[in-house]
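Examining the three-dimensional arrangement
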Amino acid sequence: MFHSRTVLLTASAILVGFSAHAGGVSGGGGNVLFPVDPQQPASRLEVRQVIVSAHRDVVQYLQEKQEQFRAGNLDPAQRVQFSQLFEQPLNVVEISRNKVLEIESERPCIDANGMPVDADIHADDQEKVCVSSFSISKKVEKGELSAQSAALLIHEFSELAGFDEDGAVQLQSMVLADFRRR
Ligand SMILES: [Zn+2]
């Protein structure tokens, strides 16, 4: 009894926080969350390979979450986050599948405000999303590369689907924890 009450309260707390931020304007950029300084940084080429494979994982992950959401099989906290995502005007699964990554190895990506970021939806080509192997290799430990890249990609795809910055970061944080458990 006590347990289920706790879960419900947590879910509604997330719902309130989430709804308050949905629908605002987004800068379109994104950064890895709370990275640990790498002792031995991965090369940009290694990071590129991790990003490419994280993209495949993310397409499959979002597809699975959408199926679980529709079947009513997500736990309460995830249900709240993903219902927001899957009810956006654009389908995030389609977006993740169709977007090509522009992996920037020489510099950061640049957001709509001209600020350097680890990833951004405003690539030179509209069909693409910029992700910087340059920035990520400097910030993220090898063991975290895969989870951080996947969570960052989902941040960007969620913005393309209609999320604002706060919504995208909140989702990214949950996905990061989820990928760390894999
Ligand atoms: Zn963003």
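Residues numbered from 1 in each chain as written. Predicted model: local features only at pLDDT ≥ 70, side-chain atom pairs only at ≥ 80, totals over all residues.

1. Comments concerning the pairing of strand β6 (residues 128–132)
In terms of burial, β6 is largely enclosed, as 4 of its 5 residues are buried. Pairing of strand β2 (residues 100–104) with β6 involves 5 bridges; the strand directions are parallel. Residue pairing for β6: Leu 101 is matched across the bridge by Val 129. By the bridge criterion, 2 bridges tie strand β5 (residues 119–120) to β6 in an arrangement that is antiparallel. (Buried ≥ 20, exposed ≤ 12 C-beta atoms within 10 Å, placed from the backbone. Helix = DSSP H or I, 4+ residues; strand = E, 2+ residues; numbered from the N terminus. Pairing = 2+ DSSP bridges.)

2. Digging into the sheet that holds strand β1 (residues 29–30)
Strand-to-strand pairing in sheets goes through backbone hydrogen bonds, with the strands running parallel or antiparallel. Across the sheet, which stays open at both edges, the 4 strands sit in the order β1-β5-β6-β2 with mixed pairing between neighbours. Either end of the sheet is taken by a strand with one partner, and the two such strands are β1 and β2.

3. Things to note about the nonpolar core
Grouped together as the largest cluster of nonpolar side chains are 41 residues, with contacts concentrated most on Val 131, Ala 150, Ala 151 and Ile 154. Every element with two or more residues in this core is listed here: α2 (44–71), α4 (92–98), β2, β6, α6 (145–161) and α7 (165–180). The biggest single contributor to this core is α6, with 10 residues. Apart from residues no more than four positions distant in its own chain, Val 131 is found in contact with Ile 51, Leu 101, Ile 103, Glu 104, Cys 109 and Ala 119. (Core = buried A, V, L, I, M, F, W, Y, C linked by C-beta atoms within 7 Å. Contact = placed C-beta atoms within 7 Å.)

As far as function goes, none of this settles anything; it's purely spatial.
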